[in-house]
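# Survey of secondary and tertiary structure
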Amino acid sequence: MAPPSWSNDPHDEPSNSPHSVANFEQAHHVDSHVGKTVGGGMLLDPLTLPPSAAPVSNAAAAVVPKNNWAALPASQESQRTRNPIRAVVDPIMADYRKNSSNTEATPTVPSKPFISLAVRAQSKRPLLLHPFIIIFSFLFSTTSFLIIQLGDPTSSGNFEPCPIVQQVCTTSPSLSTDTAGYVNALGTDEARQVIAKYHSSWKNPLVGIPSRSIDVDHVLVASGCSGVLDLVLKALLDPGTCLLVPNPGFPLYQVIAESIGARVLPYNLLPEMDWEMDLQHIQKLIDENIGKVRAILVNNPSNPTGSVFRLPHLEDLVRLCNNNCLPIVADEIYGDLTFDETRPFVPLANVALSSSLSSSVLTESITTTASVPVIACSGIGKQFLVPGWRVGWAVFYDNHVQSLKPVEHGAKQLAQIVLGASHVAQAMATRVLSAALPMHDNDGSSPSSLQAEMIMWQRDLRDKLRSNAEVVQQSLSKAPGLVVHKALGAMYSMVTFDPSEFDFLSSSPLDTATAGEKLSTLLLQEESVFVLPGSCFGIPNAFRLVFCAPAMTLQQALDRLFAFSQRH
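Given the structure is predicted, the values throughout are model-derived calculations rather than measurements.

Now for the overall build of the protein chain. The number of helices and strands found in the protein chain is 17 helices and 16 strands. Residues counted as buried form 52% of the 568 residues belonging to the protein chain. Contacts spanning at least 24 positions in sequence make up 72% of the contacts within the protein chain whose residues lie at least 6 apart.

The structure is reproduced here in structure tokens:
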């Protein structure tokens, strides 16, 4: 069968296509002026909508019983929204609380300090946080609460935010007045301009592809990268459509898609090939779901695997997407957070452009459009270690026929519901990114003292991550039954294992827990070390480690994990 062709004609798409959102303003605009013709001829009073049903007569209303309250049904979207991590981890922690003693150790719970290699952070007060920040409060003998957060690189105290963050927070007295008002739903002009410059200035002398210019009009700011992904996927997907997602992969993609009524199609990552994408599997999924797959989501660097894709592998992916007219949603929140010089991060939008051009012109920034459209999703939280600022963005890199134009329009329409990220946070993020621009483009110019400090901070951050990743690799390389996969980026390592090599893993058909869940449960009970089971990310015989803890704490946890594997 011949592959589909790119088209910018909305008449080529079904009615539930993302192209249909392009007519939103014409179909649903309500004008506040009396007597205006709206939506095909209907006349409306000021700020009123067309009636949805005929009015109910007084007689009909009289028979409705009064004061007869019943439970109000939750919306279908809310009922479809389910956090896979909580579904896995809550029973583990409930079992741990059940078997723990607040005052003394028990045979199954040793008197060892609790260490989390799944998630981190300790605090004396409970918090209510984002749905993907899992909170568990355990009452130990010290009566302090332990709060465990996902994806916060600062909470262990081992990593400090970049130097300019403190300067911005302490030397910006005008923030209180300059940022007191509402903000454009797409983001402040200043934030969008510096984000466009930041992406347009990307260079790496070790990678032979060009930087790629982007216009500020194609930048959308939202509350964190998760907020951006929510807007983008809701603009792309409809009920019954499909999204290709990595397996193992971050579960937020599934949560958003299924809340819409769409489906996710997990494509395999290959552990024996540094978790590269199984391109044959991707093609098979596309062929089996012709006309339903709206996009492929690519997470690079990866949570949970810590992998960083090679440039030739990304080029192969782009060719596959072009052959199938498949747009790419690139979750690049960990961006330059890589620590292996042989495997640098390369933005997918730049790869898509370079794949469309001859090698003879790959010398400088180019504005030519590529064949494959890419929506790059990123943020300031992970690369500058300020996840609490909640500033993320999407950059829409369209192709030569403007395939993304209706989707971009739809995302901007959705952004008007919540008016974007905090005005204060956007102002501070703008100043951080502005200072980082010369560091980002590697142009060889002499940096200022602050920029030099930021460069040293970034090197120190990468060195610490590299060192911790090596500690994980060395400490567990000879652990019986465990295979630790080398991390090249982000802050995670995946460990896989053969269930048949462990004495406590039952194959009973009545046992619904995966091998990873059983291992995590027993490890927590026996060693007070908590790791996230692989089933949280779609892979049963594995678990994920976070290696952001201080070196001594990390080594202590790894020693316990090694002893556990020897014992079982």
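Bringing the packing of aromatic side chains into the picture now. In this structure the tally under the stated criterion is eight aromatic pairs. Geometrically, the ring pair formed by Phe 250 and Tyr 253 is edge-to-face, given 6.1 Å between the ring centres and 80 degrees between the ring planes. Judged by its relative accessible area of 1%, Tyr 253 falls in the buried class. Put simply, the rings of Phe 497, Phe 502, Phe 504, Phe 543 and Phe 564 touch in pairs and so form one group of aromatic residues.

In a regular helix each residue adds 1.5 Å, so 13 residues correspond to 18 Å; helix H8 (residues 224–236) covers 19 Å between its end C-alpha atoms and thus fits that length. For H8, the buried fraction is high: 11 of the 13 residues fall into the buried class. Along H8, the residues that are buried comprise Gly 224, Cys 225, Ser 226, Gly 227, Val 228, Leu 229, Leu 231, Val 232, Leu 233, Ala 235 and Leu 236.

A word on the side chain of Gln 426. With respect to the helices and strands, the residue Gln 426 is situated in helix H14 (residues 423–441). Given a relative accessible area of 1%, Gln 426 falls into the buried group. With near-sequence residues (within four places) excluded, Gln 426 lies in contact with Val 183, Gly 187, Thr 188, Ala 191, Val 221, Val 391 and Ala 421.

Here we come to the pattern of salt bridges. Evaluated as defined, the whole model comprises 12 salt bridges. The shortest N-O distance in the salt bridge between Arg 294 and Asp 238 comes to 3.4 Å. Separated by 56 residues along the polypeptide, Arg 294 in strand S8 (residues 293–299) and Asp 238 in the loop between H8 and strand S5 (242–247) bring together distant segments of the chain. In this structure, Arg 567 and Glu 526 form a salt bridge, with 2.8 Å as the shortest nitrogen-oxygen distance. One end of the pair, Arg 567, is in helix H17 (residues 551–567); the other, Glu 526, is in helix H16 (residues 515–527), with 41 residues separating them in the sequence. Taken together, the shared-partner salt bridges connect Glu 77, Asp 230 and Lys 234 into one network.

Another aspect to go through is the sheet that holds strand S15 (residues 532–533). What holds strands together in a sheet is hydrogen bonding between their backbones, with the strands either parallel or antiparallel. Taken in spatial order, the four strands make up an open sheet running S12-S13-S16-S15, and their pairing is antiparallel. The outermost strands of the open sheet, each flanked by one partner alone, are strand S12 (482–484) and S15. Here S15 pairs with strand S16 (residues 542–546) via two bridges, running antiparallel. Each bridged residue has a counterpart across the sheet, and for Leu 532 the counterpart in S16 is Arg 544.

Our next topic: the environment of Val 386. Along the chain, Val 386 turns up in the loop between strand S10 (374–379) and strand S11 (392–397). Look at Val 386 and you get buried, because its relative accessible area is 5%. Remark: the alpha-carbon pair of Val 386 and Val 165, spanning 221 residues in sequence, is separated by 8.2 Å. Those residues in contact with Val 386 that sit more than four places away from it in its chain are Pro 161, Val 165, Ile 380 and Gly 381.

Our next topic: the side chain of His 199. Along the chain, the position of His 199 falls in helix H7 (residues 189–200). A polar atom in the side chain of His 199 sits 2.8 Å from the side chain of Trp 393.

For the rest of this paragraph, the subject is the environment of Lys 405. Along the chain, the position of Lys 405 falls in helix H13 (residues 405–415). It is 9.6 Å that separates the C-alpha atoms of Lys 405 and His 218, two residues lying 187 residues apart in sequence.

Next up on the list: the pairing of S5. Among the six residues that make up S5, six are buried, leaving the element largely enclosed by the rest of the structure. Burial along S5 is two-sided: the residues Cys 242, Leu 244 and Pro 246 and Leu 243, Val 245 and Asn 247 are all buried. Direction of pairing for S5 relative to strand S6 (residues 263–270): parallel, over a ladder of six bridges. Bridged to Leu 244 within S6 is Leu 265. The parallel pair S5 and S6 is bridged by helix H9 (residues 252–260), and the resulting crossover is right-handed. Two elements, S5 and S8, share three bridges in a ladder whose sense is parallel. Note that in S8 the partner of Cys 242 across the bridge is Val 293.

With an omega dihedral of 5 degrees, the bond running from Asn 247 to Pro 248 counts as a cis peptide bond. Even without glycine at this site, Trp 275 takes up a positive phi of about 60 degrees. With respect to the secondary-structure elements, Trp 275 resides in the loop between S6 and strand S7 (276–277). For Leu 419, which is not glycine, the phi torsion reads 60 degrees and is therefore positive.

Another aspect to go through is the sheet that holds S8. Pairing within the open sheet is mixed, and its eight strands lie in the order S4-S11-S10-S9-S8-S5-S6-S7. Edge positions in the sheet fall to strand S4 (219–222) and S7, since each of these pairs with one other strand and no more.

Now for the packing of H8 against H13. The geometry of H8 relative to H13 is characterised by a closest axis approach of 8 Å and an angle of 125 degrees between their N-to-C directions. Overall, the two elements H8 and H13 adopt an arrangement that is oblique. Relative to H13, the crossing made by H8 is right-handed. From H8, Leu 231, Lys 234, Ala 235 and Leu 236 reach across to H13, where they touch Val 407, Gly 410, Ala 411, Leu 414 and Ala 415. Among the residues forming the contact of H8 with H13, the class breakdown is seven nonpolar, one polar and one charged.

This part covers the confidence of the model for the protein chain. Model confidence for the protein chain is summarised by a mean pLDDT of 77, while 71% of its residues fall at 70 or above. Across the protein chain, the element-wise mean pLDDT spans from 38 in helix H1 (residues 24–28) up to 98 in S5.

Within S11, six of the six residues are buried, which leaves it mostly tucked inside the rest of the structure. The side-chain alternation of S11 yields two buried faces, one formed by Gly 392, Ala 394 and Phe 396 and the other by Trp 393, Val 395 and Tyr 397. Pairing of S4 with S11 involves four bridges; the strand directions are antiparallel. Bridge assignment links Val 221 to a residue of S11, and that residue is Trp 393. Relative to S11, S10 runs antiparallel, the two sharing six bridges. Bridged to Ser 378 within S11 is Trp 393.

Cut-offs applied
In this numbering scheme, every chain counts its residues from 1 along its sequence in written order. Owing to the predicted nature of the model, reporting of local features is limited to residues with pLDDT of at least 70; listing and counting of side-chain atom pairs is limited to 80 or more, with chain, interface and lining totals taken over all residues. Hydrogens and waters are ignored; side-chain quantities use all the structure's heavy atoms. Each helix is a run of DSSP H or I of at least 4 residues and each strand a run of E of at least 2, with the numbering of both proceeding from the N terminus. Note on exposure labels: buried denotes an accessible area under 20% of the residue type's maximum, exposed denotes more than 50%, and partly exposed covers the range between, all computed with a 1.4 Å probe on protein chains only. Only heavy atoms enter the contact rule, under which two residues are in contact if any of them lie within 4.5 Å. Any Phe, Tyr or Trp ring, taking Trp's six-membered ring, that has another such ring centre within 6.5 Å forms a pair; planes under 30 degrees apart are called stacked, those over 60 apart edge-to-face, and the others tilted. Every helix has an expected span of 1.5 Å times one less than the residues it contains. Here, a salt bridge means any side-chain nitrogen of Lys or Arg that lies within 4 Å of a carboxyl oxygen of Asp or Glu. Paired strands, as defined in this entry, are two strands with at least two bridges between them according to DSSP. Within 3.5 Å is the distance limit for a polar contact, defined as a pair of N or O atoms, with the added protein rule that one can donate a hydrogen and the other accept it, and that residues adjacent in sequence qualify only through two side-chain atoms. With the strands aimed away from the viewer, a crossover counts as right-handed if its path from the first strand over the helix to the second runs clockwise. To get an axis, fit a line to the C-alpha atoms, keeping to the stretch in contact for a helix; angles then go from 0 to 180 degrees between the N-to-C directions. Between 65 and 115 degrees an angle is taken as roughly perpendicular, under 35 as roughly parallel, over 145 as roughly antiparallel, and anywhere else as oblique. Throughout, a crossing is termed right-handed when the near helix is turned clockwise from the far one, and left-handed when it is turned anticlockwise from it by less than a right angle. Residue polarity is assigned by list, with Asp, Glu, Lys and Arg as charged and Ala, Val, Leu, Ile, Met, Phe, Trp, Tyr, Cys and Pro as nonpolar; anything else, Gly included, falls into the polar class. The predictor's confidence in any single residue is recorded as pLDDT, a number from 0 to 100.

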